[in-house]
Amino acid sequence: MEHQKHLPEVNLTSVMEFFLLGFSDIPHLQMFLFGIFLFVYVIILMGNGIIILITRVDKTLQTPMYFFLSSFSFLEICYVSVTIPKMLTNLWTQKRNISLFECATQTCFFLILGGTECLLLAVMAYDRYVAICNPLHYPLVMNRRVCIQLVTGSWITGIPVQIGQTYQIFSLPFCGSNQINLFFCDMPQIFKLACGDTFVNEMSVYIVVVLFVMVPFLLIIGSYAKIISTILKLPSATSRAKAFSTCSSHLMVVTLFFGSGIITYFQPKSKHSSEKDRFLSLFYTVGVPVFNPMIYTLRNKDVMVALRKLLP
């Protein structure tokens, strides 16, 4: 706890940087944690990199489903690269300061990529809906041009909104403590450090959450309601199992991503604690991206076959 005691606190007129406390309360484990998170980061990069490679190289994986999977893997690499490198730097150097501009930039990219992930998961659910519920129209509906438009739309739709959101948040005056009790600049933590009334800002955040989290989530639920209904009407157990196997991996990823996000950000304030918030944020930003490549490779026969072809 000595590390925390010596981190400076500043008044309203001098807040030009924040301090990411991260894991400063366990100073004797800094290098161990650095090694663990570096290993995890490499695993995430390699796992998603392999998925991108095999979906580009293997002819049997040149389908809309794997095009979306490749885009999702690239997104995951970007997503973890917003938070993990800074965390590794802080663990290695023990310098936990982050400038106001750098903190705002990290928050902005985190929001943009998080929103993109919600939209892309909804697109992937729609792809499975068309493939299972309207198989005869699938090649026509999900042609290459449509797939590119859907992925591009997922990426660019939230950019102006999240830039505006970030500007609004970091235009607030900050006073009192400048210590963020996490390993990255997360929006709820930033609000805690702001002075004055943040009601309008928080309401605008909730509106954005509804648009970029709840709407995609409801679309995913609606898609899977139709998918499950269609699968249950199939004549044989074999055909039902085959149909469900094509969307089970995506369903698991959706459950992990939205489930951990809801638990992290929508729990009652009375149940918040610094240790719990840190664990949940760690699971949400690092743990889930570790599982995603494993889910899409180990549970997907086509990907496993393509991987065996690639390996000598």
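Throughout what follows, the structure given in this document is the object of discussion. All values derive from a computational prediction rather than experimental measurement.

With that out of the way, let us pick up the overall build of the protein. Tallying secondary structure elements over the protein gives 12 helices and 3 strands in all. For 312 residues, the compact-globule formula gives about 20 Å, and the C-alpha radius of gyration of the protein, at 21 Å, lands near that figure. For the protein, the C-alpha atoms occupy an extent of roughly 65 × 45 × 35 Å along the three principal directions. Sorting the 312 residues of the protein into buried and exposed places 48% on the buried side. In the protein, of all internal contacts separated by at least 6 residues, the share reaching a separation of at least 24 is 77%. Summing over all exposed atoms, the protein offers an accessible surface of approximately 15800 Å²; the carbon and sulfur share of this is 71%. Computing the positive centroid from 22 side-chain charges and the negative centroid from 15, the protein places the two 15 Å apart.

Here we have 3 strands laid out as an open sheet, ordered S2-S1-S3, and mixed in their pairing. The sheet terminates laterally at strand S2 (97-99) and strand S3 (179-180), the two strands that pair on one side only. By the bridge criterion, 3 bridges tie strand S1 (residues 17-20) to S2 in an arrangement that is antiparallel. Bridge assignment links Phe19 to a residue of S2, and that residue is Asn97.

Scanning the model with the defined rule gives 1 disulfide in all. Free of any disulfide, Cys133 has its nearest cysteine sulfur in Cys247, 9.3 Å distant.

A few words now on the nonpolar core. If you look at the biggest cluster of nonpolar residues, it comprises 80 residues, and the most contacted ones within it are Leu121 and Ile180. In terms of residue count, the dominant contributor to this core is helix H4 (residues 100-133) (15 residues). Once residues lying within four places of it in the same chain are set aside, the contact partners of Ile180 are Phe18, Phe19, Leu20, Leu21, Gly22, Cys103, Cys185, Gln189, Ile190 and Leu193.

The rules we used
- Residues numbered from 1 in each chain as written.
- Predicted model: local features only at pLDDT ≥ 70, side-chain atom pairs only at ≥ 80, totals over all residues.
- Heavy atoms only, no water.
- Helix = DSSP H or I, 4+ residues; strand = E, 2+ residues; numbered from the N terminus.
- Rg over C-alpha atoms; globule rule 2.2 N^0.38 Å.
- Buried < 20%, exposed > 50% of the residue type's maximum accessible area, 1.4 Å probe, protein only.
- Contact = heavy atoms within 4.5 Å.
- Areas by Shrake-Rupley, 256 points an atom, 1.4 Å probe, with all protein chains shown as cover.
- Lys, Arg positive; Asp, Glu negative; His and termini not counted.
- Charge placed at Lys NZ, Arg CZ, Asp CG, Glu CD.
- Pairing = 2+ DSSP bridges.
- Disulfide = S-S within 2.5 Å.
- Core = buried A, V, L, I, M, F, W, Y, C linked by side-chain atoms within 4.5 Å.

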